[in-house]
Amino acid sequence: MTTEAPAAPGAHDAQRRFDGMIAADERIEPRDWMPDGYRRTLIRQIAQHAHSEIIGMQPEGNWITRAPSLKRKAVLIAKVQDEAGHGLYLYSAAETLGVSREELLDLLHEGRQRYSSIFNYPTLTWADVGAIGWLVDGAAITNQVPLCRCSYGPYARAMVRICKEESFHQRQGFDSLYVLARGTGAQRRMAQDAVDRWYWPSLMMFGPPDAESAHSEQSMAWNIKRFTNDELRQRFVDIIVPQAEALGLTLPDPDIAWNAERGHYDFGTPDWDEFKQVLKGGGPCNRQRLEHRRRAHADGAWVREAARAHAAKRAARDTAGEAA
Amino acid sequence: MTDWPLWEVFVRARRGLSHVHVGSLHAADAEHALRNARDLYTRRQEGVSVWVVPAERITASAPEDRGSFYDPAEDKVYRHPTFYPVPDGVEHL
């Protein structure tokens, strides 16, 4: 039996408990105390991730009406619908941190929160849909698998669900490129051209080199991030080089070579100036993507209002029914 | 214009299993929430039954209570079968 009065659970204790849970690699849940910086970092990251999912519907949505067969069309619709779903899982995870859906969408629409720079590139041909599935979703999976073990419970659980669904996205892309690469000369050239255009931007998806990555160190200390940008980029290159060989397509990177000493493929350096330009809004489609998003949101306003009015009317009728 | 109300979603994966919390969504009313939950959380036949509950109607224990809230159970090891020694040779106990 202790004679000391129990200490009031102050900020210090809370911080210590939080640090202890991180050190033990336990999960933090919404009602746990957490440092403001941890909360802010997660809101920024999860929101950016959610925005990327819903903006990511646009480049591929562009090809739904022109898919070359009913099968490819059904697959593409399912994939784009999944992206919407992934956005919703992630917005719902972000909301557990005390931010509203409306606020997050406002931040996106005002350009105050970002989405992945990859979606600011255009989808010029049908083969781009295959290249996005293979390379862009492949890079996303490489990034996202470690996030399934992220310290924040709701984010980690959303990622488990997302990763399961993403693997179909990558396979259908590979499948589509595989068929094109074995088709006519024109189809083959179209597939190669798409890979040529999507290779470098997909390497940029892992973010700047570790030396220049602003948030990496702290995010790793908090078990939000498990591997650095450069580690994940290397892992991705190691995966896609043999896959490109299986496709019979080449990656547009003359520096790719097996390095027996490192046990990894060497590869070239992405154009980081281009990356910064696109991130700042100077990519080929930044303006179009945001305008489209704002318009879609504004065009949907009447649906949101109508559903609300309908719910209110039904609630009033139920109340009247009970009173009678 | 503010968001539709928030609903927590619980899905039963197969008959015989409990409903498990899978996430949340916004919807104007309960029926709308059910339909949205179907579209969002069972696109690959993940469930045979869905519950939606208004998020604001859930009362949760506070994580800070961990110690005091659960300590009535802490000193009752005799609630576990392993508390009782079994003499050698005794079976089916």
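Residues numbered from 1 in each chain as written. Chains lettered and ligands numbered in written order. Predicted model: local features only at pLDDT ≥ 70, side-chain atom pairs only at ≥ 80, totals over all residues. Heavy atoms only, no water.

Examining the overall build of chain B
Note the following rule: Runs of E in the DSSP output that reach at least two residues are strands. Runs of H or I that reach at least four are helices, and both are numbered from the N terminus. Here the radius of gyration uses the C-alpha set of atoms, whereas the globule reference equals 2.2 Å times the residue count to the power 0.38. A 1.4 Å probe rolled over the protein chains alone gives each residue an accessible area, and that area as a share of the maximum for its type sets the label: buried under 20%, exposed over 50%, partly exposed in between. The criterion used for residue contact is that any of the two residues' heavy atoms lie within 4.5 Å.
When you go through chain B residue by residue, the secondary structure sums to two helices and three strands. Ordered by position from N to C terminus, the α and β elements of chain B give β-β-α-β-α. Here the C-alpha atoms of chain B give a radius of gyration of 21 Å, more than 25% beyond the 12 Å that 2.2 N^0.38 yields for 93 residues. Projecting the C-alpha coordinates of chain B onto the three principal axes gives extents of approximately 70 × 35 × 15 Å. Expressed as a percentage of the 93 residues in chain B, the buried residues total 23%. Contacts in chain B between residues far apart in sequence, at least 24 positions, make up 42% of those at least 6 positions apart.

Quick notes on the overall build of chain A
Definition in use: Only the protein chains shown count as cover for residues, with accessible areas throughout obtained via the Shrake-Rupley method and a probe of 1.4 Å. Positive charges come from Lys and Arg, negative ones from Asp and Glu, while His and the chain ends are left out of the count. The location of each charge is read from NZ of Lys, CZ of Arg, CG of Asp or CD of Glu.
If you tally the helices and strands in chain A, you get 13 helices and two strands. In terms of overall dimensions, chain A has a C-alpha envelope of 80 × 65 × 35 Å along the principal axes. For chain A, the proportion of its 324 residues judged to be buried stands at 49%. Summarising the internal contacts of chain A: among those between residues at least 6 apart in sequence, 77% fall at separations of at least 24. Of the roughly 16,000 Å² that chain A leaves accessible, carbon and sulfur atoms contribute 55%. Counting 41 positive and 43 negative side-chain charges, chain A places the centres of these two groups 6 Å from one another.

A look at the interface of chain B and chain A
Rules: When two parts are put together, the accessible area they lose, computed with a 1.4 Å probe and summed over both, is reported as buried area. Whenever a carboxyl oxygen of Asp or Glu lies within 4 Å of a side-chain nitrogen of Lys or Arg, that contact is scored as a salt bridge.
Opposite the 24 residues of chain B that make contact, chain A presents 25 residues. Summed over both partners, the interface of chain B with chain A comes to about 2,200 Å²; 46% of that surface belongs to carbon and sulfur atoms. Between chain B and chain A we count six salt bridges in total. Two residues, R44 of chain B and E165 of chain A, come together in a salt bridge whose shortest N-O distance is 3.4 Å.

Notes on helix α5 (residues 101-109) of chain A
Buried within α5 of chain A are the following residues: R101, L104, L105, L107, L108 and H109 of chain A. Each element contacted by the buried residues of α5 of chain A is listed here: α2 (36-55), α4 (70-95) and α12 (286-299) of chain A together with β2 (19-26) of chain B.

As for the confidence of the model for chain A
Here is the rule we go by: Per-residue confidence from the prediction method is given by pLDDT, with values spanning 0 to 100.
Residue-level pLDDT values for chain A average 94, and 97% of them are 70 or greater. Contacts for the low-pLDDT stretch residues 1-7 of chain A, under 50 throughout, to residues beyond four places or in other chains number zero contacts.

Here's the deal with the packing of α4 of chain A against helix α7 (residues 153-181) of chain A
Helix-helix packing: each pair is described by the crossing angle between the helix axes and the interaxial distance. All names here are of chain A. The criterion, for reference: As a rule, the C-alpha atoms of each element are fitted with a line to give its axis, helices using only the stretch in contact, and angles between N-to-C directions run from 0 to 180 degrees. Working definition: roughly parallel below 35 degrees, roughly antiparallel above 145 degrees, roughly perpendicular at 65 to 115 degrees, and oblique for all remaining angles. In this scheme the crossing of two helices becomes right-handed for a clockwise turn of the near helix relative to the far one and left-handed for an anticlockwise turn of less than a right angle. All residues other than Ala, Val, Leu, Ile, Met, Phe, Trp, Tyr, Cys, Pro, Asp, Glu, Lys and Arg, Gly among them, are scored as polar; the first ten of these are nonpolar and the last four charged.
Two elements in contact, α4 and α7, have axes separated by 10 Å at closest approach and are oriented at 160°. The angle between the axes of α4 and α7 places the two elements in the roughly antiparallel class. When the axes of α4 and α7 are compared, the crossing they make is left-handed. Looking at the contact of α4 with α7, its residues break down into twelve nonpolar, four polar and nine charged.

So, the nonpolar core
Rules: Here, nonpolar core refers to any group of buried Ala, Val, Leu, Ile, Met, Phe, Trp, Tyr and Cys residues whose side-chain atoms link them within 4.5 Å.
Counting 88 residues, the largest nonpolar core has Y38, I46, W134, Y152, Y155 and W198 of chain A together with L25 of chain B as its most contacted members. Apart from the residues within four sequence positions on either side, L25 of chain B is in contact with P5, L6, W7, V9, A33, N36, A37, L40 and Y41 of chain B.

A short note on the packing of α7 of chain A against helix α8 (residues 185-204) of chain A
All names here are of chain A. Put simply, α7 and α8 touch, their axes get as near as 7 Å, and they point 135° apart. Our classification of the angle between α7 and α8 gives oblique. For the pair α7 and α8, the contacting residues are L177, L180 and A181 in the first and Q187, R188, M190, A191 and V195 in the second. Looking at the contact of α7 with α8, its residues break down into six nonpolar, one polar and one charged.

Looking at the sheet that holds β2 of chain B
Residue and element names in this part refer to chain B. Going by this rule: Pairing between two strands requires that DSSP report at least two bridges joining them.
On the basis of which strands lie adjacent, the open sheet formed by three strands has the order β2-β1-β3 and antiparallel pairing. Both outer strands of the open sheet, β2 and β3 (49-54), are each paired with one neighbouring strand and no more. Going from strand to strand, the sheet's axes swing by 25° on average, the running direction of each strand aside. Relative to the sheet, helix α1 (residues 30-41) contacts β1 (6-12), β2 and β3, its axis offset from that of β2 by approximately 110°.

Quick notes on the pairing of β1 of chain B
All names here are of chain B. Where burial is concerned, most of β1 is hidden: five out of the seven residues are buried. Bridge count between β1 and β2: seven bridges; the pairing is antiparallel. Counted as the bridge partner of R12 is H19 from β2. Remark: six residues form the turn of the hairpin made by β1 and β2, two consecutive strands paired antiparallel; G16 in that turn has positive phi of roughly 100°.

Description of the packing of aromatic side chains
All names here are of chain A. We apply this condition: In summary, the pairing rule links any two rings of Phe, Tyr or Trp, Trp by its six-membered ring, whose centres are within 6.5 Å, and it sorts them by plane angle into stacked for under 30 degrees, edge-to-face for over 60 and tilted for everything else. Whether a charge sits over a ring comes down to the Lys NZ or Arg CZ being within 6 Å of the ring centre and within 35 degrees of the ring normal.
Considering all chains together, one arrives at 16 aromatic pairs over all chains under this definition. For the pair Y38 and W222, a centre-to-centre distance of 5.5 Å together with 85° between the ring planes defines the contact as edge-to-face. Here Y38, found in helix α2, pairs with W222, found in the loop between α9 (216-221) and α10 (229-247); they are 184 residues apart in sequence, far enough to count as distant. Note on Y121 and W198: the rings are 6.3 Å apart at their centroids and 65° apart in plane angle, and the pair reads as edge-to-face. Placement of Y121 in the loop between α5 and α6 (127-144) and of W198 in helix α8 is noted, with a sequence separation of 77 residues between them. For the pair shown, Y121 and W198 are each scored as buried. One aromatic cluster is present, built from ring pairs that chain together F18, W33, Y38 and W222. Directly above the ring of Y89 sits R161, whose terminal nitrogen or CZ lies 5.5 Å from the centroid. Over the ring of F227 we find R235, and its NZ or CZ is 4.3 Å from the ring centre.

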